Amino acid sequence: MEERLQKILSRAGVASRRGAEKIMSEGRVTINGATVRELGTKADAARDDIRVDGVRVRPPRETVYLLLNKPKGVVTTRRDPEGRTTVMDLVPPVSGLFPVGRLDVTTEGLILLTNDGAFAERVAHPRYEVARVYHAKVRGVPDPATLARLRSGVRVEGERLAVDDARVLKADNNAWLELKLHEGKHHEVRRLLEAVGHPVSKLKRVALGPVTARGLEPGQFRPLAPHEVRALRAGAAAPTGDRTPRPPRARPRPAAGRPTRVRRSRP
Ligand code: URA
């Protein structure tokens, strides 16, 4: 991304913006070997070789934290060899951005994207217990004993899978369940519910730690607020009580307006 050279130099801690202008006018700054005195000059700190008095300047990359409500049918990957729409197509083209963890292509819901590797590792690691909350529509209605089995753990293909909590949100012939987990094993929710005889027909991730999907229609994203970044880094628990998102409605309401829906096809 191109920025004014003064801004790059001040972000790198070389000088204040005023100070950077003085350094430039003194002919001490080069971009890719050429001396730059022009104050409006722009450069790309990630691509260009910027030097002051011959010393390379590397400003820290600005970190970006986005929360996307992934629609069904979108793939959680940086690039899809089959050319399907990916989560990257729904957010701005920020350098170094990648999705944190993965949602199945048929799962809807919250996914974080960042260019901060340490943050991603922390949020994704089960040790930090960032709670993931899912709403799952299942075949039939699990009885209390089945919900207890989900909590105590079920062996599936040699692997023990368990949820931290499971409850029925609403039920007629089939049920919507709410499940809380703090890890993200491959197809974990689907495999677990299949194993107890209640296969999933719809799956949505509605909360990640303290962050919920409220106000974000599928396909919309927003930047995380600094306090949300801090809470996720600290491994905050899922919202509780009346802050837990309501079970999904049959039909989504029209987009709320404020968050941006980006329809973008990348070159
Ligand atoms: N568990 C699943 O089975 N699928 C998802 O997409 C997320 C959790």
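Before reading on, note that the structure itself is shown above.
## Quick look at the overall build of the protein
Now for step 1: The helix and strand inventory of the protein stands at six helices and 18 strands.
Now for step 2: Split into buried and exposed, the 267 residues of the protein put 46% on the buried side.
Now for step 3: Surface summary for the protein: the accessible area is close to 14600 Å², and the carbon and sulfur share equals 48%.

## Side note on the pattern of salt bridges
Now for step 1: Under the criterion given, the structure shown has 19 salt bridges.
Now for step 2: Salt-bridge contacts for Glu3 lead to Lys7; the nearest nitrogen and oxygen are separated by 3.8 Å.
Now for step 3: For Lys7, a relative accessible area of 34% gives the class partly exposed.
Now for step 4: In this structure, the salt-bridge partner of Arg191 is Glu157, at a minimum N-O distance of 3.3 Å. Of the two residues, Arg191 is situated in helix 5 (residues 188-195) and Glu157 in the loop between strand 11 (154-156) and strand 12 (159-161); the sequence distance between them amounts to 34 residues.
Now for step 5: Its relative accessible area of 17% is what places Arg191 among the buried residues.
Now for step 6: Since its relative accessible area comes to 71%, Glu157 is described here as exposed.
Now for step 7: Salt bridges sharing partners connect three or more residues here, namely Lys22, Glu26, Arg28 and Asp53.

## Description of the site of the ligand
Now for step 1: Near the ligand you find Leu103, Asp104, Thr107, Tyr134, His187, Glu188, Val189, Arg190 and Leu203, and these make up its full shell.
Now for step 2: Interatomic distance of 3.2 Å between a backbone N/O atom of Val189 and a nitrogen atom of the ligand.
Now for step 3: Coverage of the ligand by the protein chains reaches 95% of its 240 Å² of free accessible surface.
Now for step 4: With three residues, helix 5 is the single largest residue contributor to the shell around the ligand.
Now for step 5: Along the lines of polarity and charge, the residues of the shell around the ligand split into four nonpolar, two polar and three charged.

## Here we look at the pairing of strand 7 (residues 65-70)
Now for step 1: Judged by how many residues are buried, strand 7 sits mostly within the fold: six of six residues are covered.
Now for step 2: Burial along strand 7 is two-sided: Tyr65, Leu67 and Asn69 facing one way and Leu66, Leu68 and Lys70 facing the other are all buried.
Now for step 3: Summarising the sheet, strand 7 and strand 9 (residues 108-114) pair through six bridges and their orientation is antiparallel. When the sheet's bridge partners are listed, Leu67 is paired in strand 9 with Leu112.

## A few points about the environment of Leu232
Now for step 1: Tracing the backbone through its elements, the reader meets Leu232 in helix 6 (residues 226-233).
Now for step 2: Accessibility expressed as a relative area gives 0% for Leu232, which makes it buried.
Now for step 3: Leu232 sits 109 residues away from Val123 along the chain, and the two C-alpha atoms are 6.4 Å apart.
Now for step 4: Beyond its immediate chain neighbours, meaning those up to four positions away, Leu232 contacts Leu112, Phe119, Val123, Val130, Leu208, Gly209, Pro210, Val211 and Leu224.

## Quick notes on the side chain of Asp44
Now for step 1: Its location among the elements puts Asp44 in strand 4 (residues 42-44).
Now for step 2: Setting aside residues up to four positions removed in sequence, Asp44 forms contacts with Met1 and Glu2.

## Focus: the packing of helix 3 (residues 117-124) against helix 6
Now for step 1: At a minimum axis separation of 9 Å, helix 3 and helix 6 run at an interaxial angle of 55°. Judged by the angle between their axes, helix 3 and helix 6 are oblique. For the pair formed by helix 3 and helix 6, the contact residues are Phe119, Arg122 and Val123 on the first element and Val229, Leu232 and Arg233 on the second.

## A look at the environment of Arg102
Now for step 1: As for its placement among the helices and strands, Arg102 is situated in the loop between strand 8 (98-100) and strand 9.
Now for step 2: Counting along the chain gives 84 residues from Arg102 to His186, while the straight-line C-alpha distance between them is 8.5 Å.
Now for step 3: Excluding residues within four positions of it along the chain, Arg102 makes contact with Thr76 and Ile111.

Conventions and cut-offs
- Residues numbered from 1 in each chain as written.
- Predicted model: local features only at pLDDT ≥ 70, side-chain atom pairs only at ≥ 80, totals over all residues.
- Heavy atoms only, no water.
- Helix = DSSP H or I, 4+ residues; strand = E, 2+ residues; numbered from the N terminus.
- Buried < 20%, exposed > 50% of the residue type's maximum accessible area, 1.4 Å probe, protein only.
- Areas by Shrake-Rupley, 256 points an atom, 1.4 Å probe, with all protein chains shown as cover.
- Salt bridge = Lys/Arg side-chain N within 4 Å of Asp/Glu carboxyl O.
- Near = heavy atom within 4 Å.
- Polar contact = N/O pair within 3.5 Å; in protein donor to acceptor, adjacent residues only side chain to side chain.
- Nonpolar A, V, L, I, M, F, W, Y, C, P; charged D, E, K, R; others polar.
- Pairing = 2+ DSSP bridges.
- Contact = heavy atoms within 4.5 Å.
- Axes fitted to C-alpha atoms, helices over the stretch in contact; angles between N-to-C directions.
- Parallel < 35°, antiparallel > 145°, perpendicular 65-115°, else oblique.

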